[in-house]
Amino acid sequence: MIDTNTKRLALFNFWIAFGSFALACVFGIYQVLERSGLFSFIQSPAVYFASVSTHGVLMAFVLTTFFIMGFGYYTATTSLKMPIWNPLLAWSGYAICLTGVVLAAIPLLLGKASVLYTFYPPIQANAFFYIGATLLVVGSWFWTVIMIVMFGKWKKNHPGETVPLPMFATTANAYLWAWTSVGVALEAVFQLLPWSLGLRDTIDVGLARTLFAWTLHPIVYFWLIPAYIALYSYVPIAAGGKLFSEKLARVAFLLILVFGLPIGFHHLYMDPEQGTIAKFWHMVGTFAVALPTLLTGFTVIASLEMAGRKRGGKGLFGWIGALPWQNTMVLAAILSLLMLVLGGFGGIVNASYAMNAMVHNTAWVPGHFHLIFAGTVVTMYLALAYHLWPKLSGKKLFSNDLALTQLWTWFIGMVIMTTPWHVLGLLGQPRRISAVQYNSLLTLAWQPYELLMIIGGFVLLGSACLFVYILFKTQTEGTLEPQTDEPNIQGEAVVSLWLNNFVPWNLLILGLMMLSYGWPILQFFVLKTYNPTAWGY
Ligand code: HAS
Ligand code: CU1
């Protein structure tokens, strides 16, 4: 049973998460229209970059962080069957995150922080943007501590027992986030903040990009893990079956944690400040991290197949038709996995050093991450919202049919929008441009794809509005529903010590991080790669 405090904590986090999501979708529609270059009256690079920076920050940092915190609190109390450890700390973290969001939003909306969600120097934002972003990270650390402490306390009180899978995965994510956020925190505190406050004239951009790469890759798995928790813990039961293998699930989460961290240089393949050997090493790791996703695909599809066959599905593919497509969690899983096929394929192309040269900094890259993040990951967030809202608000979901329509339209819109971006990237369209106003044979070939992108954008906006409408109606009109406990989402009871513990894995990560980032960061201080006086400062 969930206590009132946890319910409130989870709902308060979800409101910020999904409010930001809805707002960011509105910015998105302006962006597809502006970027297409077809409507001269809305052309404005200044407004475009302010909008796309706000959109990116809201989606990548605000939606995710608040959703992950809310879902983490819910998972911890329901799977461990204990109240939140130190609710005051949890609420303080929430308040700090929210303050950070407000502080960052002001310069973003005023066009004083049009630095995109990656905020790479030398483009500079108003100091309040960096202060806000730092507070968001600091507040989320409170959540991290609470998850790790609750994991430890439960283990202490249940010696020899296995931590339930959803909490094991949430704790893996908390450790992942603790490691991940250090890179950007160092960049913010030692470089961006002093520089934007005027305490330093200039900073080493190569070092800043290296520190950001430390964060940029693993952060995508921080966003992904809640989606995988749903795939492993909720989907098999919703489909009428059970998880094919809990051991494989734990292995997948651990592999994401260990391999996801030391590989950020696949974002820097085309950068000059890092050497080939370091890039090669990070590339090997990048291929390794595809493994847990392949494992996930295998285990989840095997679980779905078992469920489909149990429901009477026959033949090689008959089980697919036998699945309960009317169940939002099951439908979301199928659509998510479908988007993961192309999104993951795009990731493998990006990761291949030579092919990266072809797609880097082109529209292909936003195509990749919209499909895999806004597609695969957010679809599971939406399904989780439909699953959790009745439990948290005590109200019945307003309409299952509308929720299914919403999930379908989100999928259709995302495919219509991102397929052209992949093609545009191959046709040479750069990313991070505000519009294509110049006419040449090359850019004329882009036009049909720009139109498709706009259509996709409108379908997505409609879908997002429907999502907000369903939640709003559930909250305000839904009939009261008796509370149900989460079904027992733990399959096999006993797993080995290695799969129930994070100490050895954290030590391994420490070693791998030193290998991957030790010299690449040290070189900036030893080799004098950067000499401000040479540039007349
Ligand atoms: Fe990525 C850039 C490589 C996964 C997000 N990525 C980005 C950026 C973002 C992002 C936001 O190596 C842009 C950053 C920026 O602004 O500069 N990415 C990868 C690789 C993977 C990957 C190798 N990315 C993700 C995930 C993200 C995400 C997940 C968000 C949540 N990515 C890159 C690289 C770049 C990059 C380079 C830099 C590009 C550049 O040049 O700037 C892998 O984890 C992907 C593994 C996945 C697979 C797919 C397996 C398929 C399965 C589905 C099976 C389903 C079936 C259908 C068969 C190999 C498991 C079933 C059907 C039924 C009916 C049931
Ligand atoms: Cu990455």
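Look up a bit, the structure's there.
Presented here is a report on the structure given in the accompanying data block. Remember, it's a predicted structure, so these values are computed and weren't measured experimentally.

Considerations on the coordination of the iron atom of ligand 1
Counting protein donors to the iron atom of ligand 1 gives just one, H368 (NE2), placed at 2.2 Å. Following the sequence through the fold, H368 ends up in helix α12 (residues 364-393).

Brief notes about the packing of helix α1 (residues 4-36) against helix α2 (residues 45-80)
Here α1 crosses α2 at 155°, and the two axes come no closer than 7 Å. Classified by the interaxial angle, the pair formed by α1 and α2 is roughly antiparallel. Helix-helix and strand crossings are classified by hand; for α1 and α2 the assignment is left-handed. Grouping the amino acids of the contact of α1 with α2 by side-chain chemistry returns 26 nonpolar, ten polar and two charged.

Overview of helix α5 (residues 165-196)
Across its 32 residues, α5 extends 43 Å between first and last C-alpha, which sits within 8% of the 46 Å expected from 1.5 Å per residue. Maximal helix bending in α5 amounts to about 45°, located at A188. For α5, the buried fraction is high: 27 of the 32 residues fall into the buried class. Looking one or two residues past α5, G198 carries a phi angle of roughly 80°, positive in sign.

Structural notes on the coordination of the copper ion (ligand 2)
Within the protein, the copper ion (ligand 2) binds to H217 (ND1), H266 (NE2) and H267 (NE2); these donor distances fall in the range 2.0 to 2.1 Å. Mapped onto the polypeptide sequence, the residues donating to the copper ion (ligand 2) form the spacing pattern H-x48-H-H. Between the copper ion (ligand 2) and the iron atom of ligand 1 the interatomic distance comes to 4.6 Å. Taken together, the residues H217 in helix α6 (residues 205-238) and H267 in the loop between α7 (246-260) and α8 (276-310) connect sequence positions 50 residues apart. Since its relative accessible area comes to 8%, H217 is described here as buried. Relative accessible area serves as the criterion here: at 22%, H267 is assigned to the partly exposed category.

Observations regarding the site of ligand 1
Every one of the 31 residues lining ligand 1 counts as a neighbour, but Y117, Y221, H360, H368 and R431 are closest to it. A351 has a polar backbone atom sitting 3.1 Å from an oxygen atom of ligand 1. H360 places a side-chain nitrogen or oxygen 2.6 Å from an oxygen atom of ligand 1. Listed by contribution, the elements that provide at least two residues to the shell around ligand 1 are α6, α8, α10 (328-351) and α12.

Comments concerning the packing of helix α4 (residues 127-157) against α5
Their axes nearest at 9 Å, the elements α4 and α5 cross at an angle of 155°. Classed by the angle they form, the pair α4 and α5 counts as roughly antiparallel. In this structure, α4 crosses over α5, and the sense of that crossing is left-handed. In terms of residue class, the contact of α4 with α5 is built from 21 nonpolar, seven polar and no charged.

Observations concerning the environment of F39
Its place among the elements puts F39 in the loop between α1 and α2. Those residues in contact with F39 that lie beyond four places of it in its chain are L33 and I454.

Observations concerning the pattern of salt bridges
This model, assessed by the stated rule, comprises four salt bridges. The partner of D271 in a salt bridge is R209, and the shortest N-O contact between them spans 2.5 Å. Of this pair, D271 sits in the loop between α7 and α8 while R209 sits in helix α6, placing them 62 residues apart in sequence. Each member of the pair D271 and R209 is classed as buried. Across the pair E246 and R250 runs a salt bridge, and its minimum N-O distance is 2.5 Å. A residue pair is termed a helical-turn pair when its members lie 3 or 4 positions apart in one helix, as E246 and R250 do in helix α7 at four residues. For the pair E246 and R250, one class covers both residues: buried.

As for the state of the cysteines
Think of a disulfide as a covalent bridge from one cysteine sulfur atom to another cysteine sulfur atom. Tallying each qualifying case throughout the model produces zero disulfides. With no disulfide of its own, C25 lies 7.9 Å from the sulfur of C465, the closest cysteine sulfur.

Remarks on α8
Taking 1.5 Å per residue, 35 residues should reach 51 Å; α8 reaches 52 Å between its end C-alpha atoms and fits that length. Among the residues trailing α8, G312 stands out with phi positive, at a value near 105°.

Regarding a nonpolar patch on the surface
A contiguous nonpolar surface patch, about 540 Å² in accessible area, is contributed by W519, L522, F525, V526 and L527. In this fold, F525 is placed in helix α16 (residues 503-526). The exposure class of F525 is exposed, given its relative accessible area of 56%.

Analysis parameters
Residues numbered from 1 in each chain as written. Chains lettered and ligands numbered in written order. Predicted model: local features only at pLDDT ≥ 70, side-chain atom pairs only at ≥ 80, totals over all residues. Heavy atoms only, no water. Donors = N, O, S within 2.8 Å, 3.2 Å for Na, K, Ca; no water. Helix = DSSP H or I, 4+ residues; strand = E, 2+ residues; numbered from the N terminus. Axes fitted to C-alpha atoms, helices over the stretch in contact; angles between N-to-C directions. Parallel < 35°, antiparallel > 145°, perpendicular 65-115°, else oblique. Left-handed = near helix turned anticlockwise from the far one by under 90°. Nonpolar A, V, L, I, M, F, W, Y, C, P; charged D, E, K, R; others polar. Expected span 1.5 Å × (residues − 1). Bend = angle between axes of the 7 residues up to and from the residue. Buried < 20%, exposed > 50% of the residue type's maximum accessible area, 1.4 Å probe, protein only. Near = heavy atom within 4 Å. Polar contact = N/O pair within 3.5 Å; in protein donor to acceptor, adjacent residues only side chain to side chain. Contact = heavy atoms within 4.5 Å. Salt bridge = Lys/Arg side-chain N within 4 Å of Asp/Glu carboxyl O. Disulfide = S-S within 2.5 Å. Patch = residues over 30% accessible without salt bridge, like charges linked within 9 Å, V, L, I, M, F, W, Y side chains within 5 Å. Areas by Shrake-Rupley, 256 points an atom, 1.4 Å probe, with all protein chains shown as cover.

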